[in-house]
Protein chains: 2
Amino acid sequence: MSHTHVHESHDQLKDALDTLKQTGVRITPQRHAILEFLVQSMTHPTADDIYKALEGKFPNMSVATVYNNLRVFREVGLVKELTYGDTSSRFDFVTTEHYHVICESCGKIVDFHYPGLDEVEQLAAHVTGFKISHHRMEVYGTCQNCSHKDLH
Amino acid sequence: MSHTHVHESHDQLKDALDTLKQTGVRITPQRHAILEFLVQSMTHPTADDIYKALEGKFPNMSVATVYNNLRVFREVGLVKELTYGDTSSRFDFVTTEHYHVICESCGKIVDFHYPGLDEVEQLAAHVTGFKISHHRMEVYGTCQNCSHKDLH
DNA sequence: TACACTGTTTATAAAGATTATAAAGTAATA
DNA sequence: TATTACTTTATAATCTTTATAAACAGTGTA
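Below, the structure is looked at part by part. All values reported here derive from a predicted model rather than from experimental measurement.

Calculation rules
Residues numbered from 1 in each chain as written. Chains lettered and ligands numbered in written order. Predicted model: local features only at pLDDT ≥ 70, side-chain atom pairs only at ≥ 80, totals over all residues. Heavy atoms only, no water. Salt bridge = Lys/Arg side-chain N within 4 Å of Asp/Glu carboxyl O. Buried < 20%, exposed > 50% of the residue type's maximum accessible area, 1.4 Å probe, protein only. Contact = heavy atoms within 4.5 Å. Buried area = accessible area lost by both parts, 1.4 Å probe. Polar contact = N/O pair within 3.5 Å; in protein donor to acceptor, adjacent residues only side chain to side chain. Helix = DSSP H or I, 4+ residues; strand = E, 2+ residues; numbered from the N terminus. Nonpolar A, V, L, I, M, F, W, Y, C, P; charged D, E, K, R; others polar. Pairing = 2+ DSSP bridges. Near = heavy atom within 4 Å. Axes fitted to C-alpha atoms, helices over the stretch in contact; angles between N-to-C directions. Phe/Tyr/Trp six-rings, centres within 6.5 Å; stacked < 30°, edge-to-face > 60°.

**Regarding the pattern of salt bridges**
A side chain with one charge can pair with a side chain of the opposite charge if their charged atoms come near. All names here are of chain A. The tally for this structure, following the rule as stated, stands at 12 salt bridges over all chains. With its nearest N and O atoms 3.6 Å apart, the salt bridge here joins glutamate 81 to arginine 74. Judged by relative accessible area, which is 28%, glutamate 81 ranks as partly exposed.

**Thoughts on the interface of chain B and chain A**
Taken together, the contact pairs 39 residues of chain B with 39 residues of chain A. Buried area between chain B and chain A, both sides added, is near 3,100 Å², and the carbon and sulfur share of it is 68%. One can count 2 salt bridges joining chain B with chain A. Seen at the junction of chain B and chain A, the total is 12 residue pairs in polar contact (both at pLDDT 80 or more). Of all the secondary-structure elements, those providing two or more residues to the side of chain B that touches chain A are β3 (99-103), β4 (109-112), α5 (118-128), β5 (131-142) and α6 (144-151) of chain B. Top contributing element to the side of chain B that touches chain A by residue count: β5 of chain B, with 12 residues. A per-class count over the side of chain B that touches chain A returns 18 nonpolar, 12 polar and 9 charged. For strand β5 (residues 131-142) of chain A and β5 of chain B, the ladder comprises 11 bridges, and the chain directions are antiparallel.

**Here's the deal with the protein's contact with DNA strand C**
Close to DNA strand C lie 14 residues; Tyr67 of chain A together with Thr28, Arg31, Asn60 and Thr65 of chain B are nearest. Between a phosphate oxygen of DNA strand C and a main-chain N or O atom of serine 89 of chain A, the distance comes to 3.1 Å. Interatomic distance of 2.9 Å between a side-chain N/O atom of threonine 65 of chain B and a phosphate oxygen of DNA strand C. Put simply, the parts of the chain that give the surface near DNA strand C at least two residues each are α4 (63-75) of chain A together with α2 (29-40) and α4 (63-75) of chain B. No other element matches α4 of chain B, which puts 3 residues into the surface near DNA strand C. Of the residues belonging to the surface near DNA strand C, the class tally is 4 nonpolar, 8 polar and 2 charged.

**Focus on the sheet that holds β3 of chain B**
Read from one edge to the other, the open sheet built from 6 strands follows the order β4(A)-β3(A)-β5(A)-β5(B)-β3(B)-β4(B), with strand pairing classed as mixed. Here the strands that pair on one side only, and so sit at the sheet edges, are β4 (109-112) of chain A together with β4 of chain B. For this sheet, the mean angle separating the axes of adjacent strands, direction not counted, is 25°. The pairing of β3 of chain B with β5 of chain B spans 4 bridges and is classified as parallel.

**Looking at the protein's contact with DNA strand D**
Taken together, 14 residues lie around DNA strand D, and Thr28, Arg31, Asn60 and Thr65 of chain A together with Tyr67 of chain B are the ones closest in. In DNA strand D, atoms within 4 Å of the protein come from the sugar-phosphate backbone in 80% of cases. Between DNA strand D and the protein, one listed contact pairs a sugar or linking oxygen with a side-chain N or O atom of arginine 26 of chain A at 3.4 Å. Between tyrosine 67 of chain B and DNA strand D, the recorded distance is 2.3 Å, taken from a side-chain N or O atom to a phosphate oxygen. Those elements that place two or more of their residues in the surface near DNA strand D are α2 (29-40) and α4 of chain A together with α4 of chain B. The element best represented in the surface near DNA strand D is α4 of chain A, accounting for 3 residues. Class assignment of the residues belonging to the surface near DNA strand D gives a composition of 4 nonpolar, 8 polar and 2 charged.

**What about the packing of aromatic side chains?**
All names here are of chain A. Taken as a whole and judged by the stated rule, the model has 2 aromatic pairs over all chains. An angle of 40° between the planes, with centres 6.0 Å apart, marks the rings of tyrosine 99 and phenylalanine 112 as tilted. Within this pair, whereas tyrosine 99 is found in strand β3 (residues 99-103), its partner phenylalanine 112 is found in strand β4, the two being separated by 13 residues in sequence. The two residues tyrosine 99 and phenylalanine 112 agree in class, both being buried.

Structure (structure tokens):
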């Protein structure tokens, strides 16, 4: 990881903590650790991933604490919850807008950017009469690793 | 409901049963009833909705039967499973390709059509190296009913 | 018809993720 | 310090979905 990236995630954590302060949410050691893990995580972890990752630092932490704080973070807009159906939710630290490509074989999630799909929202609003707030989109397929495996 | 629509859903059910025959899936009374309910349903029901709706006709039917057969239908491509996170899956009889607009207030789901987003898939493939198979997208907002309620 | 084979349903238990509850702990404030 | 509100912990409960095993039904064959 380059120095730039280190600084980026440091700043992101700092910004996130500032957001908490401004919103009047207490910064507990657990919250700090969960946020820190989310910021530096590239893997879109589940609540259980986070729980397990922080087991060393907080041997007594409850799963409920993880869930509670992820909900708090979501409510103040720091974290996005990704719900891919059959399996457990994944949590994504909010940086810039992006979509996800999901490997149907190994579950890997990769970010990609795409210019906004505002037109879709406009059409939907027009056809259905809804007031649109946002949309979600994911793309599914097979990652390079798994594609190669299939050849053997 | 107009005569045209009645005929449409009749044909859809017939087509679906034909698909089952061709695929070698037995058409049991329960399967017939579940399919029939799905075809004429405009509400994207959950497994439990279906279970409850058929309670009268099949007092002894097991929830597992509903789940099993929804899986069978999904595997032969008759039904699409919609997973919107925190709540239970919803099941959608497959007709033509369409997307969904979901009311964040009352949960109502409305279909809308939009010309394919092939370009998104192409970009994702190019950027990530994935072999793309499909995508999903939903639009969220507030339906007219709920918008009106908010004014009072 | 009788028999065996296969797929299906039922009833129930089990699994897994998430939420609810109550008690104990901690920080902020008067 | 005393009070109050918020947070964490531990645990139980809930809810959806899947697994399992026994009973049942349909089909084909001798």
